[in-house]
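As a plain string of letters, each chain reads:
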Amino acid sequence: METKEPKEKKEKVPRQKMPEQDPQKRVSNFEEVPLGYSEETAITEAKRCIQCKKPGCISGCPVDVKIPEFIQQIAEGNFIEAARTLKETNSLPAVCGRVCPQEDQCEKQCVLGKKGESVAIGRLERFAADYERSTGNVTVPPKVKANGKKIAIAGAGPAGLTIAGDLVKLGYDVTIFEALHKAGGVLVYGIPEFRLPKAIVEAEVEYLRKMGVKIETNFVIGRTKTIDELFAEGYNAVFIGVGAGAPVFMNIPGENLSGIYSANEYLTRSNLMKAYLFPEYDTPIVRGKRVAVVGGGNVAMDSVRTALRLGAEKAMIIYRRTEVEMPARKEEVHHAREEGVDFLMLTNPVEYIGNDAGWVTGVKCIKMELGEPDASGRRSPVPIKGSEFVIDVDTVVVAVGTMANPIVPATTPGLETNKRGYIITKDESGLTSRAGIYAGGDIVTGSATVILAMGAGRKAANAIHEYLFKK
Amino acid sequence: MDSLFLYNCRRETLNRIIEKKDLSENVVQMVLEAPVIAQKRKAGQFIILKIDEKGERIPLTIVDSDAQAGTITIIFQVVGKTTAVMAKMKAGDTIQDIQGPLGNPTEIENYGRVVCIGGGVGVGVVYPLTAALKKAGNEVISIIGSRTKDLLILEKEMGAISDRLIVATDDGSYGFHGFVSQVLQEMIDKGEKIDRVFAIGPVPMMKVISDVTRPHGIKTIVSLNSIMVDATGMCGACRVAVAGKTKFACVDGPEFDGHEVDFKLLADRLKMYCDQERQAYEQHKCGCDGN
């Protein structure tokens, strides 16, 4: 508000900050941390965009959002139009505006970022999508004529929701089969309320339903029905977007003690089942006082911040490398630090210690040092002999990654997977070793981001359209 | 709440309760509308159900099914809030979510002479695989037990699919006075030929049965009732140790070789939420009394 209309030299206006809930206050609630732009701030920020002739930002976006166009519309105060521009290429803008790693994608390519600070594209995307939703001014595109082809999609996560939106717009009869009782995949079970309010996911899913996408929840592809049974029922093509849902444990002694969770379980209890509202909601969760979260990714940050909100007096991250190598977004690390999380770097658990009742009481760790760079280019951690020490804990969350869930490949003859269990695709189209079956998202790439899964869904939609109408 | 309501209502099946019957003081049998699951399910598999928006996801074995009618049968014991609420539901009510069939089916073959053992509400779980084993040509001897006569379930049904049925009660109020494991021990001591044992019930019962058969090398299959959330291999809540390796009961089981199961770990992990479950149940009961 204080920065109004600096006419000639737009680049002098600083990147607009987004207000946030105070750290002291937010650690005791599950409400969203960043509060979003006001209309004035959004316009000020949008006006920083210099509308490049050859916008680098679009090339940095996996779903090719028309970034300068929607930003221009915000700058002109046409917020609803901005939201519609976003939705032309991105069915989940309110989600992406919150959880995309823009700093590595669109904003990384922004010309302003070369000398100063890039345009806050993510915050503007969030603003436009929120504006549309909060004003209730959501219009559904007119239904297109049915083209007579049926598509089955396994998994209602980011990849599945994207391909469903794309194909329904082309006239396909689209059904998403979701294993859990609620659509959204990692958006509902994985990402906490304080980072992505579930009402937003529900609204975006509802939008797809209004467009004509059918969603069958409680339907486990491979168990309830197999992919071949769906083909037999008349589906013309199938897309597999089931994610990398299986938790990885470290296989160290004591890992099955009570009080030790996989991040998947801890977050699913809290997010999907709303265990943080127990006993109003029926699903319980351990409210640990001393909680250790093992890992350095976004999931680890989500877990440790959840632990604080569940009442932990001490919540810590245990990570085997240093903060520089941590895969989590800087923003998440920053938020976690602000909220009082302890970071134990160059530390790795080697054993869990329990009491007679089988409950975890301590984690024995070893100090690490960085050695030679490994295949990922990061310096690999090496244990320092004799440096073991024990940290007292009553709860542990293991957040060291996920792997492929074998249910779909195991029940689909001829579907090839690599040695880690991920589905092999022929090229970017997502075509698998079987005709008519496409795959995308984490079940192909291993754990990645929401937007990359969405990009894969987009490409597979195009490929399926080509397959069914050009063969 | 309106949009949330709509969000959850648009499903193809209604998951209605078709029939409800009390089998004993706190054991209830329900026939549920679940046409796809009814067609697909095999002995040994289970469902996850969630009664309403705020409910938890609980695993229950599919006791029986009728593909024609599109129904499945479940049996549960009132042990906490969710099951207490379910016990008060009536025919015509609906269950919000039913997911399945889950888990690996029982490996059914003609083994020869099998002994199927059920304890307490576990009789309901052992029933479907006993029926399947009988159908596969096995000679089936069943041993079912409960604390006392009034808590015994499915005696008639088990009798109908067994070549021989032995009943045991802990207090001797009916049948053999003692545990089902003692009945099995006596059979072994008498030198009866047993090719395989299936034992399903409380953890201590399954542990003792496994201990009884181990020295005689009789393969013993148990079904593990560990705590689950998603039940599709995603969360690891249900992890158990079998032959020293971590397994997920939901996707690697629920049936395992009883001689290889770490029953102490299973029992400990089952107690993880005891305090909270009790708190929820007490609050629920207080709420009911207040009304």
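Residues numbered from 1 in each chain as written. Chains lettered and ligands numbered in written order. Predicted model: local features only at pLDDT ≥ 70, side-chain atom pairs only at ≥ 80, totals over all residues. Heavy atoms only, no water.

(A) Structural view of the overall build of chain A. Summing up its helical and strand segments, chain A has 19 helices and 16 strands in all. Relative to the 2.2 N^0.38 estimate, which gives 23 Å for 471 residues, the radius of gyration of chain A is 23 Å and therefore close to what a compact globule would have. Relative to its full complement of 471 residues, chain A shows a buried share of 59%. Pairs at least 24 apart in sequence give 68% of the contacts found in chain A among residues at least 6 apart. In the structure as shown, chain A presents an accessible area of about 19000 Å², 53% of it carried by carbon and sulfur atoms. (Helix = DSSP H or I, 4+ residues; strand = E, 2+ residues; numbered from the N terminus. Rg over C-alpha atoms; globule rule 2.2 N^0.38 Å. Buried < 20%, exposed > 50% of the residue type's maximum accessible area, 1.4 Å probe, protein only. Contact = heavy atoms within 4.5 Å. Areas by Shrake-Rupley, 256 points an atom, 1.4 Å probe, with all protein chains shown as cover.)

(B) The sheet that holds strand β11 (residues 176–177) of chain B, seen in detail. All names here are of chain B. Pairing within the open sheet is mixed, and its 7 strands lie in the order β11-β10-β9-β8-β12-β13-β16. The outermost strands of the open sheet, each flanked by one partner alone, are β11 and β16 (255–257). Sheet analysis places strand β9 (residues 139–146) next to strand β10 (residues 164–169), joined by 6 bridges and oriented parallel. Along β10, the bridge assignment pairs I144 with V167. (Pairing = 2+ DSSP bridges.)

(C) Spotlight on the sheet that holds strand β14 (residues 395–398) of chain A. All names here are of chain A. The strand order across the open sheet built from 5 strands is β6-β14-β7-β8-β9, with neighbouring strands paired in parallel fashion. At either end of the open sheet lies a strand with only one pairing partner, and these are β6 (260–262) and β9 (342–344). Going across the sheet, the axis of each strand differs from the next one's by a mean of 20°, ignoring polarity. Of the pairings in the sheet, the one linking strand β7 (residues 290–294) to strand β8 (residues 314–318) comprises 5 bridges and is parallel in character. Its bridge partner being in β8, V294 is matched across the sheet by I318. (Axes fitted to C-alpha atoms, helices over the stretch in contact; angles between N-to-C directions.)

(D) Representation of unusual backbone geometry in the model. Between F278(A) and P279(A) the backbone carries a cis peptide bond, its omega angle lying at 5°. At the junction of G100(B) and P101(B), the peptide bond is cis and its omega measures out at -5° in the coordinates. Mapped onto the secondary structure, P101(B) falls in strand β7 (residues 97–102). Located in the positive-phi region is K274(A), a residue other than glycine, with phi close to 55°. Inspection of the secondary structure assignment puts K274(A) in the loop between α14 (263–272) and β7. When its relative accessible area of 18% is taken as the criterion, K274(A) is described as buried. With a phi angle near 55°, N15(B) is a residue other than glycine that sits in the positive phi range. Topologically, N15(B) is positioned in the loop between α1 (2–9) and β1 (17–24).

(E) The pairing of β8(A), seen in detail. Residues and elements named next belong to chain A. With 4 of its 5 residues buried, β8 lies for the most part within the structure. Assessed by its sense of winding, the connection that carries the chain from β7 through helix α15 (residues 298–309) to β8 is right-handed. Strand direction decides the pairing type here: β8 and β9, joined by 3 bridges, are parallel. What sits directly across from M316, in β9, is D342. Read as a crossover between parallel neighbours, the route from β8 over helix α16 (residues 330–338) to β9 is right-handed. (Right-handed = clockwise from strand over helix to strand, strands pointing away.)

(F) Quick look at the interface of chain A and chain B. Taken residue by residue, the interface counts 52 residues in chain A and 48 residues in chain B. Contact between chain A and chain B buries roughly 4400 Å² in total, counting both sides, with carbon and sulfur atoms accounting for 50%. Of all residues in chain A, R223(A), N256(A) and D282(A) bury the most surface against chain B, accounting for 18% of the area lost on that side. The salt bridge partner of E280(A) is K54(B), with a shortest N-O separation of 2.7 Å. There are 22 residue pairs in polar contact (both at pLDDT 80 or more) connecting chain A and chain B. Looking at the side of chain A that touches chain B, the elements that each hand over two or more residues are α12 (198–211), β3 (214–216), β5 (246–247), β6 and α14 of chain A. Here the residues of the side of chain A that touches chain B are counted per class, giving 23 nonpolar, 15 polar and 14 charged. (Buried area = accessible area lost by both parts, 1.4 Å probe. Salt bridge = Lys/Arg side-chain N within 4 Å of Asp/Glu carboxyl O. Polar contact = N/O pair within 3.5 Å; in protein donor to acceptor, adjacent residues only side chain to side chain. Nonpolar A, V, L, I, M, F, W, Y, C, P; charged D, E, K, R; others polar.)

(G) Here's a closer look at the packing of helix α7 (residues 203–213) of chain B against helix α9 (residues 263–270) of chain B. All names here are of chain B. Where α7 contacts α9, the axes come no closer than 10 Å and their chain directions differ by 180°. Classed by the angle they form, the pair α7 and α9 counts as roughly antiparallel. Contact with α7, carried on its side by V203, M206, K207 and S210, involves F263, L266, A267 and L270 of α9 and no other residues of that element. Class assignment of the residues belonging to the contact of α7 with α9 gives a composition of 6 nonpolar, 1 polar and 1 charged. (Parallel < 35°, antiparallel > 145°, perpendicular 65-115°, else oblique.)

(H) Looking closely at a negative patch on the surface. All names here are of chain B. Together, E25, D150, D170 and D171 make up a negatively charged patch on the protein surface. Here D170 shows up in the loop between β10 and β11. Given the relative accessible area of 33%, D170 is considered partly exposed. (Patch = residues over 30% accessible without salt bridge, like charges linked within 9 Å, V, L, I, M, F, W, Y side chains within 5 Å. Lys, Arg positive; Asp, Glu negative; His and termini not counted. Charge placed at Lys NZ, Arg CZ, Asp CG, Glu CD.)

(I) Structural detail: the environment of Q21(A). Residues and elements named next belong to chain A. Along the chain, Q21 falls in the segment before α1 (23–26). Expressed as a C-alpha distance, the spacing of Q21 and V140, which sit 119 residues apart in the sequence, is 33 Å. Filtering out sequence-adjacent residues up to four positions away, Q21 remains in contact with R26, N29, E31, E32, V33 and L35. Of note is the side chain of Q21, whose polar atom sits 3.2 Å from the backbone oxygen of E31. Polar contacts involving the side chain of Q21 include one to the main-chain carbonyl oxygen of E32, which spans 3.1 Å.

(J) View of the packing of aromatic side chains. Residue and element names in this part refer to chain A. Counted according to the given criterion, the structure contains 11 aromatic pairs over all chains. On the basis of an interplanar angle of 55° and a centroid distance of 5.2 Å, the ring pair of Y261 and Y266 is categorised as tilted. Of the residues examined, Y261 reaches a relative accessible area of 0% and is grouped as buried. Residue Y266 is classed as buried on the basis of its relative accessible area, which comes to 0%. (Phe/Tyr/Trp six-rings, centres within 6.5 Å; stacked < 30°, edge-to-face > 60°.)

(K) Examining the pairing of strand β2 (residues 173–177) of chain A more closely. Residues and elements named next belong to chain A. Counting buried positions along β2 yields 4 of 5 residues, so the element is predominantly enclosed. Summarising the sheet, strand β1 (residues 150–154) and β2 pair through 5 bridges and their orientation is parallel. When the bridges of β2 are listed, K150 appears paired with D173. Between β1 and its parallel partner β2, the chain crosses via helix α10 (residues 158–169), and the hand of that crossover is right-handed. Looking at chain direction, β2 and β3 are connected through 3 bridges and run parallel. Among the inter-strand pairings, F177 is bridged to a residue of β3, identified as E216.

(L) The arrangement of the packing of helix α5 (residues 79–89) of chain A against helix α9 (residues 121–134) of chain A in detail. Residues and elements named next belong to chain A. Packing of α5 against α9 leaves a shortest axis separation of 8 Å and a crossing angle of 110°. When the axes of α5 and α9 are compared, the pair comes out roughly perpendicular. Within the contact between the two elements, α5 uses F79, I80, A82, A83, R84, L86 and K87 and α9 uses E125, F127, A128, Y131 and E132. Among the residues forming the contact of α5 with α9, the class breakdown is 8 nonpolar, no polar and 4 charged.

(M) Layout of the pattern of salt bridges. All names here are of chain A. On inspection of all chains with the given rule, the structure shows 47 salt bridges over all chains. For D342, the salt bridge is made with K314, and the minimal N-O distance between the two is 2.4 Å. Placement of the pair is D342 in strand β9 and K314 in strand β8, with a sequence separation of 28 residues. Judged by its relative accessible area of 29%, K314 falls in the partly exposed class. Connected through salt bridges with shared partners, the residues E20, R26, R195, D302, R305, R309, E332, E338 and E339 form a single ionic network.

(N) The arrangement of the confidence of the model for chain B in detail. Residues and elements named next belong to chain B. When pLDDT is averaged along chain B, the result is 92, and 94% of the positions lie at 70 or above. Segment residues 1–12 is flagged for pLDDT under 50; beyond a separation of four residues in sequence, or across chains, it makes 19 contacts in the model. This prediction of the complex comes with two scores: 0.93 for pTM and 0.92 for ipTM. (pLDDT = per-residue confidence, 0-100.)

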